[in-house]
Every structure is written in structure tokens, then in C-alpha cells.
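Observations on the three-dimensional arrangement
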Amino acid sequence: AQSVTQLGSHVSVSEGALVLLRCNYSSSVPPYLFWYVQYPNQGLQLLLKYTSAATLVKGINGFEAEFKKSETSFHLTKPSAHMSDAAEYFCAVSDRSNTGKLIFGQGTTLQVKP
Amino acid sequence: DARVTQTPRDKVTEMGQEVTMRCQPILGHNTVFWYRQTMMQGLELLAYFRNRAPLDDSGMPKDRFSAEMPDATLATLKIQPSEPRDSAVYFCASGLGGDSNQPQHFGDGTRLSIL
């Protein structure tokens, strides 16, 4: 069965610093992986997805993630944090059962300090 | 951009009352998901539909919750009777099911408070 673990429920960075949000997955088949962002009082918004093409995936708002099969990881990065990046971030893996169902991690809250 | 629309955005009601939440999926999407989000439990999948038929509602308390899709443009989630522990944000998402590399698209949620 597929599962996702996000390491660190809270991450705090200074404005302009590197953002690194960690996600490890478990999957018995080649995974499809997603990162979503949730701003306060809003729904989840897709940042990027990996579907077995390029291992480095670029998303919206300057975010990118690298799929590393050997490490079963799909960490999210951004070179320079903005105050507007403060939000909750969710990593998800498709259950590959053709239902469209996603298995979500517990989320990581990103705080950006001025 | 096409969006998933949820109504109402906020709902406050007393324990024991019936609550109905509505969702309009993105036109052309054939799969609809209902989630509940709380601080303690995070994001929980309650139920989902494909082509208006329920595929799985095992995440839903059966005695008080019910989910339906009267037509392709409307999904509903009902709670009767409501209890304080049902207080949460309820999200609807839609997608192109059957192809698991497709993302889900979320609405902005219904924030439910049961007093």
C-alpha cells in the first residue's frame, strides 16, 4: 500500500532563505507524487506533480521538487523564501488503483520570518 | 480558470440540526471526493464518487453522514443529526478519475461549527 511521511510538522525560515520541505513515500509500484499548498481559509492548490517523466519537477511560485527513487523521497524546495510562502504544504501519492484517490501526508506548516 | 465551488462557506448551527453542504465539481470531471480537515486528525477522506456512483464511503460515520450526487453538477454531504465533534472544515475535490496521474482540484471548503 502507498503511504507518505512528511518530516517536520513545522518549518521556520527567514525571508530570502532556502525552503526545504521533506517528503518520503512508500509505494509498491512506480509512484505518482504531488505537492499541494494550502493558504489560510482556502482549499488545497496544486504546486507540482511527478508522473515519471523528468525527475526534477518545476511548479508554481518558484517551487520545485526532485524525485529520488533510491531515497524514496520527493522533497520540495525553493531557493529564496517570500513572506507570501507562509502556508501549509501537503505531499501526496496516488494509490495507483485508477480511482484518482490520493494518500496525503500530515502536512508541514511553513513559517517565514522577516 | 475552472473551479470547484462549495456552499455555504461557513455554517454555524446547534447540535441536532441537519446540515447540508453542496459542491459543484469542475465541468467534465467524473470523480468527486469529500474530505474533512481538523487540527487533530488532519485531512481525512470521507467518501468519493465516480460518474455519480459511490465508490467508497468507508471513511464516513454511516449513522449520521450521507453523501449523494443527484446529478453530474452537484454533490451533497449531509449530517443528521449533527454533533459538536463534527465541527471541521469540509472540502470537496474533483478530478479525472481513472487516470491516477491527474491531480485533484479542491474547493475552498465549508467551515462547520456545531454548538
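Up top you'll find the structure we're talking about.
Residues numbered from 1 in each chain as written. Chains lettered and ligands numbered in written order. Predicted model: local features only at pLDDT ≥ 70, side-chain atom pairs only at ≥ 80, totals over all residues. Heavy atoms only, no water.

Points about the overall build of chain B
In terms of regular secondary structure, chain B is built from zero helices and 11 strands. Counting from the amino terminus, helix and strand elements in chain B follow one another as β-β-β-β-β-β-β-β-β-β-β. Against the globule reference of 13 Å for 115 residues, chain B gives a C-alpha radius of gyration of 13 Å, in line with a compact fold. In terms of overall dimensions, chain B has C-alpha extents of about 40 × 30 × 30 Å along its principal axes. Looking at the 115 residues of chain B, the share that counts as buried comes to 47%. Split by element, the accessible area of chain B, about 5,700 Å² in all, is 48% carbon and sulfur. (Helix = DSSP H or I, 4+ residues; strand = E, 2+ residues; numbered from the N terminus. Rg over C-alpha atoms; globule rule 2.2 N^0.38 Å. Buried < 20%, exposed > 50% of the residue type's maximum accessible area, 1.4 Å probe, protein only. Areas by Shrake-Rupley, 256 points an atom, 1.4 Å probe, with all protein chains shown as cover.)

Some thoughts on the environment of Lys78 of chain B
Residues and elements named next belong to chain B. Following the sequence through the fold, Lys78 ends up in strand β8 (residues 74–79). Under the relative-accessibility criterion, Lys78 is labelled partly exposed at 31%. Linking Lys78 and Gln41, residues 37 residues apart in sequence, is a C-alpha distance of 20 Å. Those residues in contact with Lys78, other than ones at most four positions away along the chain, are Glu18, Val19, Thr20, Arg64, Phe65 and Ser66. (Contact = heavy atoms within 4.5 Å.)

Note that all results are geometric; they support no functional claim without further evidence.
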